[in-house]
Amino acid sequence: MPVQDPLERARNFSEVALGFSLKSALVECARCLECEEPACIPACPVSIDIPGFIRKVGDEDYRGAFDLLSDANLLPAICGRVCPQEDQCEGVCPVGEDELEPVAIGRLERWVGDLAIEKGWSNVPYIEPNGFKVGIVGSGPAGMACAADMAKAGCDVTVYEAFHHPGGVLRYGIPEFRLPNDVIDAELASLAKLGVKIECNTLVGRLFTIEQMLDEMGFDAVFIGTGAGLPKFMGIPGESLNGVLSANELLTRCNLMGAGDFPNHDTPLHLGKRVAVVGSGNTAMDAMRVSLRLGAEKVYCVYRRTREESPARLEELHHAEEEGIDFQWLTAPVEILDGGDGSVRAMRCIRMELGEPDDSGRRRPVPIAGSEYEFEADMVVYAIGTQANPIIGQTANLRMNKWGYIDVDENLATSMAGVFAGGDIATGAATVILAMGAGRRAARSMKAYLGIRDSETVYSGQTEEHTGELFGIADGERNFARIRLAE
Amino acid sequence: MSAKQQVTDEGSSRPVASGREKTLDNDFEIVAREDLSEVTYLLEVRHPMMAKAAQPGQFVIVIAHEAGERIPLTIADFDRDKGTITLVIQAVGKTTQEMQRMCTVGTRLLGMVGPMGIPSHIGHAKKVVCVGGGLGVAPVFPQARAFKESGAYVIGIVGFRSKDLIFWEDKFKEHCDEFIICTDDGSAGMKGMVTDGIKLAMSNHPDIEELVAIGPPIMMSACAETTRFAGIKTSVSLNPIMVDGTGMCGGCRVMVGSDMKFACVDGPDFDGHLVDFEDLMVRLRRFTAEEDLAMKKWSDDCRMMKAK
């Protein structure tokens, strides 16, 4: 995969991975073994027919490849860029078992997605409206995926978004050089073509509640995909200093509000020259690489475990290392030191070593006594995880679990009839593709709840026998009246 | 093969939605504007749904245009019949000055989202004091009105630097049983700060149960100190720098006792006796360098526009 030169790209926001050429795409397709029982399909959270679309590309039927892809996945150009393929499809590809690289499934998906955007392809089947009105809370990947499925089934779908631009974490969280805004807009446009309405500047829970949606606004079912954006802080001394911020704040100021372009954009950022990012997941990688591009001279990554245990997508970690970020593995922050006027002067850390395994089996890091040291920094960014967004929990009578996430059953139904939830708000912080998978699963449950018989959906890869069906109507799909219990 | 056709966008017989249709009848139009002084102005924004939902103590986040920043503004009033939200704004920096110039009747904001924050707790206190300082008169008005409606005896105290800056005097008085104006220079009411007014009220009424104070942090801190040992439950409304207002960035974090709270989702009201005001004031200075730069560029741009 051709990429921008590391030192050059560390100073610009253009996409890092330049994408396959047609020739490379065709060569890569030929590597697919077309397995009898493909392991890649079940490894995909939305069960894309991977060998199918690859075969179409190889046959030079690019439109056919897009049709197949878009059946299962609304956002191929996005997922091809941000899915952790090494843990999913590419991780189980037999071609990659020994010394060779697995088939570059993610890059091929991106190639098809980008071609579709360039050509202006979209698949808008004639959809018979079925009279049901569905509300989606949150325009991130979970909400978008659910909206697409419900719209394809004939429902009148409205997506509510609190920000002034839709896209959720795709827009505010993932930087331009990994996921350009143009790609997000193009994918949103295909949602619009399905008839989905997106209403921004709407804070559900406060402007109106979930209950009001069902009781007063005429919605028959609601999906909640509000995400887990509440940032965690460590509670160490010096955290209130003016140079300390969460990765979410850094990324939102930069990605959504254009703070990198201050003062042409009004939102400031006040980037430091020496930035220390705590954490090593994808959000940390994004924060570090954005800092470089905004002009930081030195960027550190401080993580209390080892490189092997970093949860980041491998490609991002690799790119970050190439761009010159200084990784301090097995290091934990102890205190952030005051520069005198509320600014950050330095950070004191302690070295760690791996001790005994804990309950999860991972070796727990323990501090090495006497190994404390300081290094100069003028900005500290926390990327140590997030918790559930509290607003829906505060304003709706939904059962929450003890960590503040919405409690859902295996059908993604909440404790309120007609209300479903998925993505980070139900599971805790995870990935874009898992959120999309959850959005699609919730859509399946919502259609069953509403009694919609959706004969046009083909879920590739499923080869179940016709058990639990009578005259082709599955047990799970049934009509019943929604009963609201008085509180 | 399916009975339904697969039709591409070229031949689609289904009307294509723009995707950004307004379904909630809010286009953030400014329907009224009043200039209360040279630096303070009032905007009434049409938003029927928010007018219905707004409660005292809540705020909105406003973004005036595409390259603008998101700023929090307390809801100074809401009219459920007219369907409007009223904001009272002080032109102190680039954004508020730009809005002062651009936001005339008939124009639209790019976005106004809310009502945000946990509504003020209007309990069953029999005697309360509502204190507003400078701009703070506006946001404390809805609370005073709500307390009055709940049957409490309301003592309203407002503070301004001088007579020319006073606004909403009659509007406020209407919902108060007692009303004290304080001016720094003595040009109206009693000479002194709102804390002097509070001390006066406390000496006349030993049975005050609650006090709400809204204004600059230094003023709210002083009010909290005045009531600290008098057993008066004191609530303040904090105004840290915000970006999203929905609890996802942590920029508005404040220390309340030993806990870290996010003003946008845990507040904006907090117990005035527990808030670390020093920390709040330091954090409000996060972007002074950028603020100066933005103001300089703004004045240069204005001068250039005038020169044309």
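Within every chain, residues take consecutive numbers counted from 1 along the sequence as written. Whichever chain is written first is A, and whichever ligand is written first is 1; the rest continue in order. Note on the predicted model: pLDDT of at least 70 is required for a residue's local features to be given, and 80 or more for side-chain atom pairs to be given and counted; whole-chain, interface and lining totals, by contrast, use all residues. The basis for every side-chain value is the complete set of non-hydrogen atoms in the structure, without hydrogens or water.

## So, the overall build of chain B
Here comes step 1: Looking only at helices and strands, one finds 9 helices and 15 strands in chain B.
Here comes step 2: In terms of its C-alpha atoms, chain B occupies a principal-axis envelope of roughly 85 × 55 × 40 Å.
Here comes step 3: Taking all 308 residues of chain B together, the buried fraction comes to 54%.
Here comes step 4: The contact definition used throughout considers only heavy atoms, calling two residues in contact when any of these lie within 4.5 Å. Residue pairs in contact within chain B that sit at least 24 positions apart in sequence constitute 65% of those at least 6 positions apart.
Here comes step 5: Using the Shrake-Rupley algorithm and a 1.4 Å probe, accessible areas are obtained, with residue cover drawn only from the displayed protein chains. Carbon and sulfur atoms make up 53% of the accessible area of chain B, which amounts to about 13500 Å² in all.
Here comes step 6: His is not counted, nor are the chain ends; Lys and Arg add positive charge and Asp and Glu add negative charge. The location of each charge is read from NZ of Lys, CZ of Arg, CG of Asp or CD of Glu. With 35 positive and 43 negative side-chain charges, chain B shows a spacing of 3 Å between the two charge centroids. Numbering goes from the N terminus for both helices and strands, where a helix is a DSSP run of H or I of at least four residues and a strand is a run of E of at least two. Between buried and exposed lies partly exposed: a residue is buried under 20% and exposed over 50% of the maximum accessible area for its type, with that area taken using a 1.4 Å probe on protein chains only.

## Thoughts on the sheet that holds strand β16 (residues 419-421) of chain A
Residues and elements named next belong to chain A.
Here comes step 1: Here, strands pair whenever DSSP counts at least two bridges between them. The strand order across the open sheet formed by 5 strands is β3-β2-β1-β4-β16, and the pairing between neighbours is parallel. The open sheet has two edge strands, β3 (197-199) and β16, and neither has a second partner. Neighbour to neighbour, the strand axes of the sheet diverge by 20 degrees on average, direction disregarded.
Here comes step 2: Here 4 bridges tie strand β1 (residues 133-137) to strand β4 (residues 221-224), and the two strands are oriented parallel to one another. Axes here mean lines fitted to C-alpha atoms, for a helix over just the part in contact, with angles spanning 0 to 180 degrees between N-to-C directions.

## Quick notes on the confidence of the model for chain A
All names here are of chain A.
Here comes step 1: Values of pLDDT, ranging from 0 to 100, describe the predictor's confidence in every residue of the model. For chain A, per-residue confidence averages 88 on the pLDDT scale, and 92% of positions sit at 70 or higher.
Here comes step 2: Confidence drops under pLDDT 50 across residues 459-463; counting only partners more than four residues distant or on other chains, this segment forms 8 contacts.
Here comes step 3: Low confidence marks residues 480-484, where pLDDT is under 50. Its contacts with residues over four positions away, or in another chain, come to 11 contacts.

## What about the interface of chain A and chain B?
Here comes step 1: In this assembly, 63 residues from chain A lie in contact with 70 residues from chain B.
Here comes step 2: Throughout, the accessible surface (probe 1.4 Å) given up by two parts as they are put together, summed over both, is called the buried area. Taken over both partners, the interface formed by chain A and chain B buries close to 5600 Å², and the fraction arising from carbon and sulfur atoms is 56%.
Here comes step 3: The largest contributions to the chain A side of the interface with chain B come from A:Arg206, A:Leu207 and A:Asp266, which together make up 12% of the buried area.
Here comes step 4: Throughout this description, the term salt bridge denotes a Lys or Arg side-chain nitrogen within 4 Å of a carboxyl oxygen of Asp or Glu. Linking chain A to chain B there are 2 salt bridges.
Here comes step 5: Two N or O atoms form a polar contact when they lie within 3.5 Å of each other; inside protein one atom must be a possible hydrogen donor and the other a possible acceptor, and for residues adjacent in sequence the pair counts only when both atoms belong to side chains. In this assembly, chain A and chain B are joined by 16 residue pairs in polar contact (both at pLDDT 80 or more).
Here comes step 6: Contributions of two or more residues to the side of chain A that touches chain B are made by β2 (156-160), α11 (181-193), β3, β5 (230-231), β6 (244-246), α13 (247-256) and α16 (390-395) of chain A.
Here comes step 7: Here the side of chain A that touches chain B gets 4 residues from one element, more than from any other, and that element is α13(A).
Here comes step 8: Residues were grouped as follows: Ala, Val, Leu, Ile, Met, Phe, Trp, Tyr, Cys and Pro as nonpolar; Asp, Glu, Lys and Arg as charged; and all remaining residues, including Gly, as polar. Grouping the amino acids of the side of chain A that touches chain B by side-chain chemistry returns 31 nonpolar, 22 polar and 10 charged.

## Quick notes on the pairing of strand β4 (residues 71-79) of chain B
All names here are of chain B.
Here comes step 1: Here 4 bridges tie strand β3 (residues 59-63) to β4, and the two strands are oriented antiparallel to one another. Bridging across to β4, Phe-59 finds its partner in Thr-74.
Here comes step 2: Sheet analysis places β4 next to strand β5 (residues 84-90), joined by 4 bridges and oriented antiparallel. Counterpart to Phe-78 in the pairing with β5 is Ile-85.
Here comes step 3: Here β4 folds back onto β5, and the loop between the two strands holds 4 residues, one of which, Gly-83, carries a positive phi near 80 degrees.

## Considering the side chain of A:Arg171
Residue and element names in this part refer to chain A.
Here comes step 1: With respect to the helices and strands, Arg-171 occurs in helix α10 (residues 169-172).
Here comes step 2: In this structure Arg-171 comes out as buried when scored by relative accessible area, which is 7%.
Here comes step 3: Contacts of Arg-171, omitting those with residues within four sequence positions, involve His-165, Pro-166, Asn-181, Ile-184, Asp-185, Leu-188, Asn-255 and Leu-256.

## Things to note about the sheet that holds β6(A)
All names here are of chain A.
Here comes step 1: Ordered in space as β6-β14-β7-β8-β9, the 5 strands form an open sheet in which the pairing is parallel. Whereas interior strands pair on both sides, the edge strands pair on one side only; in this sheet they are β6 and β9 (326-328). In this sheet, adjacent strand axes meet at a mean angle of 20 degrees when their direction is disregarded.
Here comes step 2: Alignment of β6 against strand β14 (residues 379-382), held across 3 bridges, turns out to be parallel.

## Comments concerning the nonpolar core
Here comes step 1: Each nonpolar core is a collection of buried residues, namely Ala, Val, Leu, Ile, Met, Phe, Trp, Tyr and Cys, held together in the definition by side-chain atoms within 4.5 Å. If you look at the biggest cluster of nonpolar residues, it comprises 80 residues, and the most contacted ones within it are A:Phe53 and A:Val157.
Here comes step 2: Ranked by residue count, the leading element in this core is helix α18 (residues 432-450) of chain A, at 10 residues.
Here comes step 3: The residues contacting A:Val157, other than those within four sequence positions of it, are A:Val134, A:Ile136, A:Ala147, A:Met150, A:Ala151, A:Gly195, A:Val196 and A:Lys197.
Here comes step 4: Of all hydrophobic cores here, the second largest spans 55 residues; its members include A:Ala276, A:Met347, B:Ala263 and B:Leu280.

## Examining the environment of A:Leu251
All names here are of chain A.
Here comes step 1: Note that Leu-251 resides in helix α13.
Here comes step 2: Between the C-alpha atom of Leu-251 and that of Arg-171, which follows or precedes it by 80 residues, the distance is 9.6 Å.
Here comes step 3: Filtering out sequence-adjacent residues up to four positions away, Leu-251 remains in contact with Tyr-172, Gly-173, Pro-175, Leu-256, Thr-283, Asp-286, Ala-287 and Val-290.

## Some thoughts on the packing of α13(A) against helix α14 (residues 282-293) of chain A
All names here are of chain A.
Here comes step 1: Here α13 crosses α14 at 50 degrees, and the two axes come no closer than 10 Å. Considered as vectors, α13 and α14 are oriented oblique to each other. Regarding α13 and α14, the two cross each other, and that crossing is left-handed. When α13 is examined against α14, the residues Ala-247, Leu-250, Leu-251 and Cys-254 are found in contact with a partner set consisting of Thr-283, Asp-286, Ala-287, Val-290 and Ser-291. Just so you know how the angles are binned, under 35 degrees is roughly parallel, over 145 roughly antiparallel, 65 to 115 roughly perpendicular, and the rest oblique. Two helices crossing with the near one rotated counterclockwise from the far one by less than a right angle form a left-handed crossing, whereas a clockwise rotation gives a right-handed crossing.

## Remarks on the environment of A:Ile406
All names here are of chain A.
Here comes step 1: Counting through the fold element by element, Ile-406 comes out in the loop between α16 and β16.
Here comes step 2: Among the residues examined, Ile-406 registers a relative accessible area of 2% and is labelled buried.
Here comes step 3: Note: C-alpha distance between Ile-406 and Val-277 (129 residues apart in sequence) is 30 Å.
Here comes step 4: Among residues more than four places away in sequence, those in contact with Ile-406 are Ile-224, Ile-392, Leu-398, Arg-399, Met-400, Thr-414, Ala-421, Ile-425 and Ala-426.

## Let's talk about the side chain of B:Asp77
Residue and element names in this part refer to chain B.
Here comes step 1: One can find Asp-77 in strand β4.
Here comes step 2: A distance of 2.8 Å separates polar atoms of two side chains, one belonging to Asp-77 and the other to Arg-145.
Here comes step 3: Apart from residues no more than four positions distant in its own chain, Asp-77 is found in contact with Thr-84, Ile-85, Thr-86, Phe-141, Arg-145, Trp-168 and Lys-171.

## Re unusual backbone geometry
Here comes step 1: The omega torsion of the bond from B:Gly114 to B:Pro115 falls at 0 degrees, within 30 degrees of zero and hence cis.
Here comes step 2: Relative to the assigned elements, B:Pro115 resides in strand β6 (residues 111-116).
Here comes step 3: The step from B:Gly267 to B:Pro268 runs through a cis peptide bond, and the omega angle for that step is 10 degrees.
Here comes step 4: Positionally, B:Pro268 belongs in the loop between α7 (263-266) and β15 (269-271).
Here comes step 5: In the Ramachandran plot, A:Glu60 falls in the positive-phi region, its phi being about 65 degrees despite a non-glycine side chain.
Here comes step 6: Accessibility expressed as a relative area gives 53% for A:Glu60, which makes it exposed.
Here comes step 7: Not every positive phi belongs to a glycine, and A:His270 is a case in point at roughly 60 degrees.
Here comes step 8: Tracing the backbone through its elements, the reader meets A:His270 in the loop between α13 and β7 (274-278).

## Re the packing of aromatic side chains
Residues and elements named next belong to chain B.
Here comes step 1: Pairing of aromatic rings covers Phe, Tyr and the six-membered ring of Trp, with a centre-to-centre limit of 6.5 Å; geometry is then stacked below 30 degrees between planes, edge-to-face above 60, and tilted otherwise. The full count for this structure, using the stated rule, is 17 aromatic pairs over all chains.
Here comes step 2: Ring geometry for Phe-141 versus Phe-172: centroids 6.5 Å apart, planes at 45 degrees, classification tilted. Residue Phe-141 is found in helix α3 (residues 137-149), and its partner Phe-172 is found in helix α4 (residues 169-173); the two are separated by 31 residues along the sequence. Phe-172 shares its class with Phe-141; the two are buried.

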